[in-house]
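Here's the letter readout for the chains.
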Amino acid sequence: MHVDTYERYWIMLTAVVLIVFTAAVGISGFMMGVQVPVPEALVNPNTVATDPTSRFANPGLRQLAPNRYEAYIRAGSSPWKFVPDKLEVPVGSTVTFYVTSVDVQHGFKLEGTNINVQILPGQVSKMTATFKTPGKYPFICTEYCGVGHQNMFGELTVK
Ligand SMILES: [Cu+2]
C-alpha cells in the first residue's frame, strides 16, 4: 500500500502525540497520586446537619488509630463557612476527609496537598492526605457560592 511521504509523517506525528499524552495522563494519575474524587455516599442535604445518625450532625476530627484520623466537614452558606473550620493533627498523620454541602455547590481545596474537590449537596466527597511536615494548611472554598463566598476558609494545623 502506498502512503504519501508527508501523510506518513503526519500519521507518525499523531502517534507520537497520542503516546506523549497517554504517558502524561498515566504519570500524573498513578505516579503523582492524583485523586479522582468519587461520591463516597449520598445524603439528604436538608437533614444531614440535624439527623442524629449522620456523622455530619456532629462534624470534626475522629482518631481511628495512632496517626490515623477521619475528618467530617460540612460546607454551607447560612452563614458561609466550613464546620469545623479549625482542625489539628500530629505530624505524620493520615487524614481522610469527608466533606458535604448542606445547600449549594461549594469547593474544598487544601493547600499543600493534592486535595481539590467540588462539594455537592447530597453527595459526600472523600479524599485522603498524609501530613509529614508541621505547619498550617489552609483550606478554602474554590467554587463561587454566593455573596459570602470569600468567608469560606479554614485551617488544618499539623504539629
Ligand atoms: Cu462555598
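These notes cover the structure that comes with them. Owing to the predicted nature of the structure, the values given are computational and were not obtained by experimental measurement.

Quick word on the pairing of strand E3 (residues 68-77)
For E3, a buried count of nine out of 10 residues is recorded, marking the element as mostly surrounded by other parts of the structure. In terms of strand pairing, strand E2 (residues 60-65) meets E3 through five bridges, oriented antiparallel. What sits directly across from glycine 60, in E3, is tyrosine 72. Linkage of E2 to E3, two consecutive antiparallel strands, is achieved through a turn of two residues, within which asparagine 67 is found at a positive phi near 60°. Pairing of E3 with strand E6 (residues 93-101), which is carried by eight bridges, proceeds in the parallel orientation. Bridge pairing in E6 links isoleucine 73 to valine 99.

Thoughts on the coordination of the copper ion
Looking at the copper ion, the protein donor atoms are His106 (ND1), Cys141 (SG), Cys145 (SG) and Met152 (SD), and they sit 2.0 to 2.4 Å from it. Around the copper ion, the four donor atoms sit at angles spanning 91 to 126°, and that spread fits a shape best called tetrahedral. Written as a sequence motif, the donor residues of the copper ion are H-x34-C-x3-C-x6-M. Of this pair, histidine 106 sits in strand E7 (residues 106-110) while methionine 152 sits in the loop between strand E10 (135-140) and strand E11 (153-158), and the two are 46 residues apart along the sequence.

Cut-offs applied
Residues numbered from 1 in each chain as written. Predicted model: local features only at pLDDT ≥ 70, side-chain atom pairs only at ≥ 80, totals over all residues. Heavy atoms only, no water. Buried < 20%, exposed > 50% of the residue type's maximum accessible area, 1.4 Å probe, protein only. Helix = DSSP H or I, 4+ residues; strand = E, 2+ residues; numbered from the N terminus. Pairing = 2+ DSSP bridges. Donors = N, O, S within 2.8 Å, 3.2 Å for Na, K, Ca; no water. Tetrahedral: all angles 85-135°; square planar, octahedral: opposite > 155°, others 65-115°.

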